[in-house]
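Working through the structure, step by step
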Amino acid sequence: MVPLGWIGGVLGLILATAISLYANALLAKLHEFGGTRHIRYRDLAGFIYGRKAYSLTWALQYINLFMINAGYIILAGSALKAVYALFWNDGQMKLPYCIAIAGLVCAMFAICIPHLSALGVWLGFSTLFSLVYIVIALVLSLKDGIKSPPRDYSIPGSSTSKIFTTIGASANLVFAYNTGMLPEIQATIRQPVVKNMMKALYFQFTVGVLPLYLVTFAGYWAYGSSTETYLLNNVNGPVWVKAMANITAFLQSIIALHIFASPMYEYLDTKRGIKGSALAFKNLSFRVMVRGGYLAINTFMSALLPFLGDFMSITGAISTFPLTFILANHMYLVANKNKLTSIQKLWHWLNICLFGFMSIAATVAALRLIAVDSKTYHFFADL
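Predicted, not measured: the structure shown is a model, and the values here were computed from it.

**Describing the confidence of the model for the protein**
When pLDDT is averaged along the protein, the result is 87; 98% of the residues meet or exceed 70. At the level of individual helices and strands, the protein shows its lowest average pLDDT in helix α7 (residues 182-186), which scores 78, and its highest in helix α9 (residues 210-223), which scores 94.

**Describing the layout of surface pockets**
By volume, the second largest pocket amounts to about 190 Å³. Lining of the second largest pocket is provided by Gly12, Leu15, Ala16, Ile19, Ser170, Leu173, Val174, Phe321, Leu354, Phe355 and Met358. A breakdown of the residues in the lining of the second largest pocket according to their chemical character gives nine nonpolar, two polar and no charged.

**Quick look at the nonpolar core**
Ranked by size, the top nonpolar core spans 46 residues in total, and within it Leu232, Leu257, Tyr265, Tyr294 and Leu295 carry the most contacts. Residue assignment for this core shows that the elements contributing at least two residues are α3 (51-87), α4 (95-112), α5 (121-147), α9, α10 (239-271), α11 (281-304) and α13 (342-377). With 10 residues, α10 is the single largest residue contributor to this core. Once residues lying within four places of it in the same chain are set aside, the contact partners of tyrosine 265 are Ala110, Leu257, His258, Arg291, Tyr294 and Leu295. Listed in part, the 34 residues of the second largest apolar core include Tyr41, Val209, Leu333 and Ala335.

**Considerations on the side chain of serine 302**
Within the secondary structure layout, serine 302 lies in helix α11. Among the polar contacts made by the side chain of serine 302, one reaches the main-chain carbonyl oxygen of asparagine 298 at a distance of 2.8 Å. Beyond its immediate sequence surroundings of up to four residues, serine 302 is in contact with Ala70, Ile73, Ile74 and Ile99.

Rules of the game
- Residues numbered from 1 in each chain as written.
- Predicted model: local features only at pLDDT ≥ 70, side-chain atom pairs only at ≥ 80, totals over all residues.
- Heavy atoms only, no water.
- pLDDT = per-residue confidence, 0-100.
- Helix = DSSP H or I, 4+ residues; strand = E, 2+ residues; numbered from the N terminus.
- 1 Å grid on protein atoms, 1.4 Å probe; cavity = no way out; pocket = protein on both sides within 12 Å on 5 of 7 lines; lining within 4 Å.
- Points joined across faces, edges and corners; volume = space filled by probe spheres on them.
- Nonpolar A, V, L, I, M, F, W, Y, C, P; charged D, E, K, R; others polar.
- Core = buried A, V, L, I, M, F, W, Y, C linked by side-chain atoms within 4.5 Å.
- Buried < 20%, exposed > 50% of the residue type's maximum accessible area, 1.4 Å probe, protein only.
- Contact = heavy atoms within 4.5 Å.
- Polar contact = N/O pair within 3.5 Å; in protein donor to acceptor, adjacent residues only side chain to side chain.

See below:
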């Protein structure tokens with residue numbers, strides 16, 4: 001909202017919702033293409049295009065998931081630092097330290113939860129943590145907004161910087177709605193798979209986006225162009241309430257990271273032939289070394305460049321646009337080439353070209369944002 005303003009932000013969120021629903025619906029309809037159930041994105045791409053596309057799609061997915069995980073580690077570190085500052089505002093606990101602690105907790109959780117289906121009750125806690133954060137952030141933002149004097153909603157920056165931040169914001173918008181792993185999520189849906197997944201998508205992109213809209217609009221309304229990337233840094237209220245919100249954000253980030261890291265864990269487990277009891281010494285030591293090592297690298301990168309908004313922009317640009325919009329449209333076009341009319345084919349080609357251009361432009365804008373922030377703050381910045 002900050003780089004787009006009221007009109008651009010509202011229209012952008014609504015448009016991103018619509019095109020994300022459309023692109024994910026295309027993927028969902030291809031889930032059983034060719035009479036085969038494709039439970040991995042790369043499997044679907046490989047089935048349609050061949051082995052090279054399988055490898056390219058997996059590379060894009062890996063980048064996407066790695067960057068998402070980095071974002072969650074930064075978010076968890078920011079929440080942890082905010083909790084510390086509420087009780088001991090002595091400036092001793094720097095953001096990189098908090099990110100390192102968050103990474104350690106994420107690694108411990110990854111070692112204890114051997115696979116995605118083992119999350120079980122943690123998914124219920126995840127829902128609870130999300131609701132607590134949403135309610136507290138919304139209520140405190142509204143409370144501050146009612147008491148605050150008129151806010152400045154102008155878009156900050158020079159004319160040139162506004163162009164780049166607007167393009168970067170478009171990547172943020174698509175990143176907010178898409179995962180790049182819809183087939184993996186769809187793998188656990190009961191029959192009829194496509195019909196049930198379409199129901200889930202319609203629900204998610206209507207009722208499911210309402211909390212996102214509420215928190216986003218309320219936060220921007222309350223604080224204007226001074227709204228921070230991590231909204232809880234803006235809010236005022238009882239210490240215990242703010243602490244609860246930050247703790248739930250920290251815990252939810254850990255659970256969410258595990259979900260988005262699971263495709264990588266599953267790939268590594270399968271490649272090394274990990275089977276049998278999760279508590280077997282071989283399996284346990286493998287998780288400690290491999291998952292711990294993967295998250296150590298991820299945590300280091302997060303602490304090195306702890307710019308959450310920039311990570312969202314670059315992820316949306318280099319992976320979300322290609323995976324969710326370009327590839328989905330082209331796969332649907334290839335898979336249904338004999339069933340589509342000329343107008344329908346033209347429509348998909350227009351989408352491919354448009355999102356291809358957006359991906360290139362957003363990548364340039366995101367790299368510029370990271371370069372500017374790196375000069376402003378330095379590596380391992382305490383934001």
